[in-house]
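One-letter residues, chain by chain:
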Amino acid sequence: MSTGANAPDLETMQKHQEGAEIVVAQPWKRPDLADQPDLKKLNDELHDLRLDAGLPSARAIRDRVGKDVQDYWIVNHQAVLDTFQKPDLPPWGRLELIARVLAEFARHSDVDAPVDRFKALWKQVVRETVAQASVHPPADTTASAGDGDVNDATAPSEGLPKQDAGAPSGQAAEEPPAGKETPANANQDSAQFNYAHESLKGLILNAAQALWHDKDALRVFLGVVRRSEGFVRMADAAEEQRPANATFYGVKSREFEVDRSPARMELVTLHRRIDEHRLKRKWSFTDMEEQTGISSDAWIRWYTHDELPEREALVAFSHMASLTQEDHVLLLGLWDAAHDALEVQQRTASLPSSISFDEAWTMRDPAAPRLWALAGVGGDNLAAYGPDLASGTAPAFVVAGPAKSGRSTALVNIARSLLASGAQLALATPRPSPLRKLADRDGVVACFDQGDIGHDELEEALSVASAEEPVVVVMDDAEVLGECDARRVLRNLLEHGFEDGLALVLAGDEDKLGPSYPWLGKAKRAHRGLLLSPQERHAGDLIGIKTGDSVVGRPLAPGRGWLHLGDGKLTAVTVPR
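Counting starts from 1 at the beginning of each chain's written sequence and moves along it residue by residue. The model is predicted, so local features are restricted to residues of pLDDT at least 70 and side-chain atom pairs to those at 80 or more, both for listing and for counting; the totals for chains, interfaces and linings are taken over all residues. Computation of side-chain values covers all heavy atoms of the structure but excludes hydrogens and water.

Participant: Which parts of the structure should I look at to understand helix α17 (residues 487-500)?
Facilitator: Every α-helix carries 3.6 residues per turn, so stepping three or four residues along brings you back to the same face. The end-to-end C-alpha distance of α17 is 17 Å, clearly below the 20 Å that 14 residues give at a rise of 1.5 Å each. The sharpest bend along α17 measures roughly 60° and falls at Leu494. For α17, the full list of buried residues reads Val489, Leu490, Leu493, Leu494 and Gly497. Next to the buried residues of α17 lie β5 (396-401), α16 (455-462), β8 (471-475), β9 (502-509) and α18 (518-523). The numbering of helices and of strands both runs from the N terminus, where a helix is a DSSP run of H or I of at least 4 residues and a strand a run of E of at least 2. Gly501, located one to two residues past α17, shows a positive phi value of around 75°. Multiplying 1.5 Å by the residue count of a helix minus one yields the expected span of that helix. The angle separating two fitted axes, one through the seven residues that finish at a residue and one through the seven that start at it, defines the bend at that residue. Any residue under 20% of the maximum accessible area for its type is buried, any over 50% is exposed, and the rest in between are partly exposed; the area is computed with a 1.4 Å probe on protein chains only. Every residue pair with non-hydrogen atoms within 4.5 Å of one another is taken to be in contact.

Participant: Would you mind going over the sheet that holds β8 with me for this structure?
Facilitator: The strands making up a sheet associate through backbone hydrogen bonding, with each pair oriented either parallel or antiparallel. Pairing is mixed in the open sheet, where 10 strands are placed in the order β4-β3-β12-β11-β10-β5-β9-β8-β6-β7. Looking at strand neighbours, the two that pair on one side only are β4 (383-385) and β7 (444-448), the edges of this open sheet. Shown here is a sheet whose adjacent strand axes are inclined to one another by a mean of 25°, direction ignored. At least two DSSP bridges between two strands are required for those strands to pair. One ladder, built from four bridges, connects strand β10 (residues 529-532) with strand β11 (residues 560-564); its direction is antiparallel. Opposite Gly529, over in β11, you have His564 as the bridge partner. Across the sheet, α16 touches β6 (424-428), β7, β8 and β9, and the angle it forms with β7 is around 165°. Orientation is described by lines fitted to C-alpha atoms, with helices fitted over the stretch in contact, and by angles between N-to-C directions that extend from 0 to 180 degrees.

Participant: Just checking my understanding: could you explain the pattern of salt bridges for this structure?
Facilitator: When the charged atoms of two side chains with opposite charge come close together, those side chains can pair. Counted as salt bridges are all cases of a side-chain nitrogen of Lys or Arg within 4 Å of a carboxyl oxygen of Asp or Glu. In total, this model carries 20 salt bridges according to the counting rule given. One salt bridge connects Asp275 with Arg278, and the closest N-O pair in it is separated by 2.7 Å. Taken as a pair, Asp275 and Arg278 lie in helix α9 (residues 264-280) at a separation of three residues, close to a single helical turn. For Asp275, a relative accessible area of 7% translates into the label buried. A single network of salt bridges, built from pairs that share partners, joins Arg30, Lys40, Asp44 and Asp48.

Participant: Got a minute to help me understand the packing of helix α2 (residues 58-65) against helix α4 (residues 92-105) in this structure?
Facilitator: Angle between the axes and distance between the axes: these two values describe a pair of packed helices. Where α2 contacts α4, the axes come no closer than 10 Å and their chain directions differ by 100°. One finds that α2 runs roughly perpendicular with respect to α4. Facing Ala60, Ile61, Arg64 and Val65 of α2, the residues of α4 in contact are Leu97, Ile98, Val101, Leu102, Glu104 and Phe105. Considering only residue class, the contact of α2 with α4 consists of eight nonpolar, no polar and two charged. An angle below 35 degrees is read as roughly parallel, one above 145 as roughly antiparallel, one from 65 to 115 as roughly perpendicular, and any other as oblique. Three classes are used, and their members are as follows: Ala, Val, Leu, Ile, Met, Phe, Trp, Tyr, Cys and Pro are nonpolar, Asp, Glu, Lys and Arg are charged, and the others, Gly among them, are polar.

What follows is the structure, encoded as structure tokens:
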């Protein structure tokens, strides 16, 4: 091929340096799925996404997915190729990881969008091929398509799948006997069969992997597995050689998920640290019982579940393992962080599911200042909480959350509480909002219900404000007004509001209240606000505090929120209705 300036651009060339090897990127062969239109659509879109990503190699995708805590590839390169080239439905756990990596390679602004798209396509294939079939335990003589997903570091052994080295990728190693026709729905049956079989197999392999260093516990566990005739060979193989990580077998299927612990990140890190020290000393769980006096059953339960070990067990482990002071402090610090996250969750569970504004109003401090606003009810003693808009680092308060999280309801409560205390309000509702129902109340000096606010109009409305007669701007859907004509007035309010008797309470989508609008960025300098069902870690930046897994990503719960008043503490609250 010519390398001159006028050389024809016949194919996209992508080079990955892997030792001395140069990998030339090229499209992969697509399977024949003419009789499975839904699966063909999924497979075609997956190939198209790889093209958008610059045709990364299977090993490049494998490397981006990474390894698990046992240093095994989560998805090996052969599993990546099988996902693209085999005429079978891939497990969702594997497909999700590959789609996310390709979206990242393609630099999509929202990597979740293509993942959600593939999830919808995958579910459509499942509905078409699985819904009418019932799942039965596999027979010993049956091989599933997913059995080809063997970890790179694990050699084939009896009971685990094998593939003829000479067989082309994506084809079975064994051809059907001549003269016998393959049923038309064979692929559909295998897709349905593999889905349930491999998910259960993944759970068994994960458990066997966790118990590998405790031969007594492993022997008991595999003895139970052997009671199911279809898993005898796999149990024999798992006893002879430690299984690889089973993520790509389908363990991430939603049917097998359990509620995520609020301290998931802290617990995973803690368990990983304990396991590193345990494996370094080659301790089985039985050894740990002898060393620490804590039963092996307890250690196994803590290790295989999202549960927090007892602090005394951790101290005993640290002592018997002769950990350095640094490692000892790290383990206890992780324990404290996980314990705090679990306590936060318990406090959330103890909140009232619903409370009226009138009932919440009676829970406030009678000595609350004039510009105190009711944000929610919570705390150990179930009291009313909210900000004093006349104090702090900036005269502002931010309410953020996804759609349908209760932002407008929270604003109505804040507005009603300020009116009840004698403050004046200027309402801004660029979209329909229940806040508009307060427009006729005494104390409301203006209500802006268009998609823009004029500079002069807002300036005139706020001209009545003074230290003795303050005015609070209460704004819903603030992201819509980021470039409004009155943005300079709003910026001046945030800079000089304390002296002029002005304050701002705004609400908006957590994903859209970004730094693109300067005056909105100044509102974050108040370092306080209310997060309602936050879904993203960066949501905490809007109210001046970092948020972890114990707070973000939980199911949407309208009216449940996390309040930060600038003191570095998050308080779980229920927003009055």
